Protein chains: 2
Amino acid sequence: MPPPPARRRIPDATVARLPIYLQILAEQSTAAIDNISSEGLAGLAGVNAAKVRKDLSYLGSYGTRGVGYDVGYLIYQIRRELGLNYDWPVIIVGAGNLGQALAGYGGFIDRGFPVGGIVDVDPAKFDVVVAGARVRPLDELSQIVESKDISIGVVAVPSSAAQDAADLLVKAGVTSILNFAPVILSVPVGITVRKVDLAVELQILSYHEQRRSVAQQNGQLQGAPADRGRGATA
Amino acid sequence: MPPPPARRRIPDATVARLPIYLQILAEQSTAAIDNISSEGLAGLAGVNAAKVRKDLSYLGSYGTRGVGYDVGYLIYQIRRELGLNYDWPVIIVGAGNLGQALAGYGGFIDRGFPVGGIVDVDPAKFDVVVAGARVRPLDELSQIVESKDISIGVVAVPSSAAQDAADLLVKAGVTSILNFAPVILSVPVGITVRKVDLAVELQILSYHEQRRSVAQQNGQLQGAPADRGRGATA
DNA sequence: CGACGCATGTGCGCGAGTTCACAAAGCGCT
DNA sequence: AGCGCTTTGTGAACTCGCGCACATGCGTCG
Ligand SMILES: NC(=O)c1ccc[n+]([C@@H]2O[C@H](COP(=O)([O-])OP(=O)(O)OC[C@H]3O[C@@H](n4cnc5c(N)ncnc54)[C@H](O)[C@@H]3O)[C@@H](O)[C@H]2O)c1
Ligand SMILES: NC(=O)c1ccc[n+]([C@@H]2O[C@H](COP(=O)([O-])OP(=O)(O)OC[C@H]3O[C@@H](n4cnc5c(N)ncnc54)[C@H](O)[C@@H]3O)[C@@H](O)[C@H]2O)c1
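These numbers were taken from a predicted model, which means no experiment stands behind them.

Chemist: I would appreciate a short explanation of the overall build of chain A in the present structure.
Modeler: Scanning chain A from N- to C-terminus turns up nine helices and eleven strands. Taking all 234 residues of chain A together, the buried fraction comes to 50%. Looking at chain A alone, contacts between residues at least 24 apart form 55% of all its contacts between residues at least 6 apart. Counting only carbon and sulfur atoms, one obtains 54% of the accessible surface of chain A, whose full area is about 10400 Å².

Chemist: I keep staring at the nonpolar core and nothing clicks. Help me out?
Modeler: Side chains that are nonpolar tend, in soluble globular proteins, to be buried together. Within the largest apolar cluster, 96 residues are counted, with the highest numbers of intra-cluster contacts made by A:Leu56, A:Ile78, B:Leu56 and B:Ile78. Look past the residues within four positions of A:Leu56 in its chain and what remains in contact with it is A:Tyr21, A:Leu41, A:Tyr69, A:Leu74 and A:Ile78.

Chemist: Please explain the relation of the copies chain A and chain B as it appears in this structure.
Modeler: A rotation about some axis, followed by a shift along it, carries one copy of the chain onto the other. When chain A is fitted to chain B, the residual RMSD is 0.1 Å, and the transformation amounts to a turn of 180° plus an axial shift of 0.0 Å. Viewed as a symmetry operation, the transformation between the two copies matches a two-fold axis. Taken as a fraction of all interface residues of chain A, those also at the interface in chain B reach 100%, which identifies the copy contact as same-surface.

Chemist: Whenever I open this one, helix α3 (residues 49–57) of chain A confuses me. Can you help?
Modeler: Since the α-helix packs 3.6 residues into each turn, any two residues three or four apart lie on the same face. Residue and element names in this part refer to chain A. For α3, every residue scored as buried is listed here: Ala49, Val52, Asp55 and Leu56. One face of α3 carries all of its buried residues, which in axial projection span an arc of 120°. As for α3, its buried residues are in contact with α1 (12–30), α2 (38–45), β3 (68–70) and α4 (71–82). Measuring from the backbone nitrogen of Ala50 back to the side-chain oxygen at the start of α3 gives 2.6 Å, which picks out Asn48 as the cap.

Chemist: For this particular structure, what's the right way to read the protein's contact with DNA strand C?
Modeler: Neighbouring DNA strand C are 25 residues, the closest being A:Ser38, A:Arg53, A:Tyr69, B:Lys51 and B:Arg65. Close to the protein, within 4 Å, the atoms of DNA strand C belong to sugar or phosphate groups at a rate of 64%. Measuring from a phosphate oxygen of DNA strand C, one finds a backbone N or O atom of A:Gly63 at 2.9 Å. One of the side-chain N or O atoms of B:Lys51 is found 3.4 Å from a phosphate oxygen in DNA strand C. Listed by contribution, the elements that provide at least two residues to the surface near DNA strand C are α3, β2 (63–64) and β3 of chain A together with α1 (12–30) and α3 (49–57) of chain B.

Chemist: Honestly, the sheet that holds β3(A) in this entry has me stumped. Any pointers?
Modeler: The pairing of strands in a sheet happens through backbone hydrogen bonds and is either parallel or antiparallel. Residues and elements named next belong to chain A. In spatial order, the strands read β1-β3-β2; together these three strands make up an open sheet with antiparallel pairing. Both outer strands of the open sheet, β1 (35–36) and β2, are each paired with one neighbouring strand and no more. Where β1 and β3 come together, two bridges link them in antiparallel fashion. Its bridge partner lying in β3, Asn35 is registered against Asp70.

Chemist: Mind showing me how you'd approach the site of ligand 2 here?
Modeler: By nearness alone, 23 residues border ligand 2, and A:Tyr105, B:Leu98, B:Asp120, B:Lys125 and B:Val157 come closest of all. Looking at what sits near ligand 2, you find residues from chains A and B. Here A:Tyr105 contributes a side-chain N or O atom positioned 2.5 Å from an oxygen atom of ligand 2. Contacts to ligand 2 include B:Asp120, whose side-chain N or O atom sits 2.5 Å from an oxygen atom. When ligand 2 sits alone it has 820 Å² of accessible area, and the protein chains cover 82% of it. Here the shell around ligand 2 is composed, by residue class, of 16 nonpolar, four polar and three charged.

Chemist: So what exactly am I meant to see when it comes to the sheet that holds strand β3 (residues 68–70) of chain B here?
Modeler: Residues and elements named next belong to chain B. Strand order in this open sheet of three strands is β1-β3-β2, and the pairing throughout is antiparallel. At either end of the open sheet lies a strand with only one pairing partner, and these are β1 (35–36) and β2 (63–64). Contacts from helix α4 (residues 71–82) reach β1 and β3, with the element oriented near 70° to β3.

Chemist: Just to check I follow, could you spell out the interface of chain A and chain B for this structure?
Modeler: Put simply, an interface is often sized by how much accessible area is lost when its parts join up. Contacts between the two partners involve 80 residues from chain A and, on the opposite side, 81 residues from chain B. Taken together, chain A and chain B are joined by two salt bridges. Close ionic contact of A:Glu201 with B:Arg194 constitutes a salt bridge, the shortest N to O distance being 2.6 Å. Counting the contacts that link chain A with chain B gives 26 residue pairs in polar contact (both at pLDDT 80 or more). Elements that contribute at least two residues to the side of chain A that touches chain B include exactly α1, α2, α4, α5 (97–103), β9 (176–179), β10 (192–195), α9 (198–217) and β11 (232–233) of chain A. Looking at which element gives the most residues to the side of chain A that touches chain B, the answer is α9(A), with 17 residues. Classifying every residue of the side of chain A that touches chain B by side-chain character gives 44 nonpolar, 18 polar and 18 charged.

Chemist: When you look at the protein's contact with DNA strand D in this model, what are you seeing that I'm missing?
Modeler: Taken together, the neighbourhood of DNA strand D is formed by 25 residues, with A:Lys51, A:Lys54, A:Arg65, B:Ser38 and B:Tyr69 sitting nearest. Within 4 Å of the protein, the contacting atoms of DNA strand D are 62% sugar and phosphate, with bases supplying the remainder. A distance of 3.0 Å separates a sugar or linking oxygen of DNA strand D from a polar backbone atom of B:Gly66. Of all the secondary structure elements, the ones that give two or more residues to the surface near DNA strand D are α3 of chain A together with α3, β2 and β3 of chain B. If you tally residues by element for the surface near DNA strand D, the top one is α3(A), at four residues. Its residues placed into classes, the surface near DNA strand D shows six nonpolar, eleven polar and eight charged.

Analysis parameters
- Residues numbered from 1 in each chain as written.
- Chains lettered and ligands numbered in written order.
- Predicted model: local features only at pLDDT ≥ 70, side-chain atom pairs only at ≥ 80, totals over all residues.
- Heavy atoms only, no water.
- Helix = DSSP H or I, 4+ residues; strand = E, 2+ residues; numbered from the N terminus.
- Buried < 20%, exposed > 50% of the residue type's maximum accessible area, 1.4 Å probe, protein only.
- Contact = heavy atoms within 4.5 Å.
- Areas by Shrake-Rupley, 256 points an atom, 1.4 Å probe, with all protein chains shown as cover.
- Core = buried A, V, L, I, M, F, W, Y, C linked by side-chain atoms within 4.5 Å.
- Least-squares fit on C-alpha atoms with pLDDT ≥ 70 in both.
- Arc of directions from axis to C-beta.
- Polar contact = N/O pair within 3.5 Å; in protein donor to acceptor, adjacent residues only side chain to side chain.
- Near = heavy atom within 4 Å.
- Pairing = 2+ DSSP bridges.
- Nonpolar A, V, L, I, M, F, W, Y, C, P; charged D, E, K, R; others polar.
- Axes fitted to C-alpha atoms, helices over the stretch in contact; angles between N-to-C directions.
- Salt bridge = Lys/Arg side-chain N within 4 Å of Asp/Glu carboxyl O.

Here it is as structure tokens:
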């Protein structure tokens, strides 16, 4: 077994890309490709090759000069760094439209995030079974989190109830929250929150569309904008 | 009516925040609050006040010194800049779990993105009615896009079919794509793609969790990482 | 066994974005 | 009308990430 993982801090921008690399590497592995160059990986990920190398260098020197990276080993290293060596059960709050779609989504458990529980306030939803999980009353949230040692919660309730849901999760001991409600959650320091807001995504697309149509009318006065964060105007 | 909108290019980072401001402002407006300071808006959005001011300054000088910003007017200006003055109908490809949840989600049309159509390859899905929209055969995609002049497409098909779906959308004339499949889409230049990948989000959370547990074992050697992009370790 | 070629790992300059700090500018009160 | 209080708008410093370019090191082939 190789030297212990380098314990330096990894830039957030890099952390956000590691899952992408991981997913591509997994595909390569399935395709029986056991070696890949930074160039190759960069092409598939849609980023710069130097960026790939720099990103991977934060994990350690796991490549072979003149050759490339061993796919399997790289997968192992990235998984280790992301904490994917063991499962992270998640608890979903809100068994509505979205909550049920999420619970039923196989891509969760496949990637090491089994649904450890799903709760709702609406008694009509109790005992509905989604992909093996049974919807439980909201009161049981705390107990579920404790008994299954869950540290990741998913908020899939209406906006008005989102802060309450987050408060409950935090009180129960959850330290990371994935929020689908279009509101900014306020949480204690030390709790990590990420937000997925479809409306925001669409509005960003809308901005580009609007820009395109304006540019068209003006005879392409402006250059095409580059994108940032996720996605790209490729 | 004030001077024509400043036509400078708005930084992508700012564009990504404008929808957040917009949503907060809408809430304030509902609460009969008709004026807000950069400080107040920043607090609600979870960002720095100076950043708010700089972001808003890209739209023009729409604040009043010593007072703040008029909520209604600011809403109008942001909406205009994002191209939200008129509706952008979207077409959803894939009427499975996710596609149906999306189509049935009221938050879409509420924010100016009515479902202009939803298509699938599976005949079993045809004519299923979701929130007023009827699922149509994939063949009709092009015709729907054309007849309704749709420029935004949503990809909600399995990964293996995502690139095909994207190609179809592009060929039909769509210029912006919101992709839910965990694959990198390759599209011609000039097409804007944004990706929403739940697994990526969860894996980023996992990283922070893993980091937390390591830090705990080591007696807090490392400082808590700041988050980037979306979400926050607040 | 030595030389060649190739891809990694990284030092460094550059640019974008963030934040500080302050001058400019309305508003209300005297 | 003037004065002081408040908050905007923005110049400027700073931080951070990106990408070039190249030295380094490994594998291979002669
Ligand atoms: N459906 C989508 O495609 C979609 C897309 C983007 C965002 N969202 C957001 O996700 C959230 C949920 O959307 P949805 O379509 O599933 O709504 P929904 O109304 O179908 O489901 C909400 C569920 O939450 C439950 N609930 C309400 N208050 C609760 C509380 N305090 N604690 C626990 N459960 C509670 C309700 O009983 C209901 O079952 C909303 O904030 C919505 O804006 C949904
Ligand atoms: N369900 C979720 O919560 C969820 C969450 C995150 C990501 N995703 C992603 O969203 C995508 C869809 O997920 P899902 O759960 O809805 O899957 P699903 O299997 O329920 O639905 C997929 C649908 O796409 C249709 N389809 C297949 N090939 C097609 C093609 N070439 N053209 C048009 N339609 C086609 C199928 O007939 C099916 O109806 C997947 O890529 C998945 O990874 C889903």
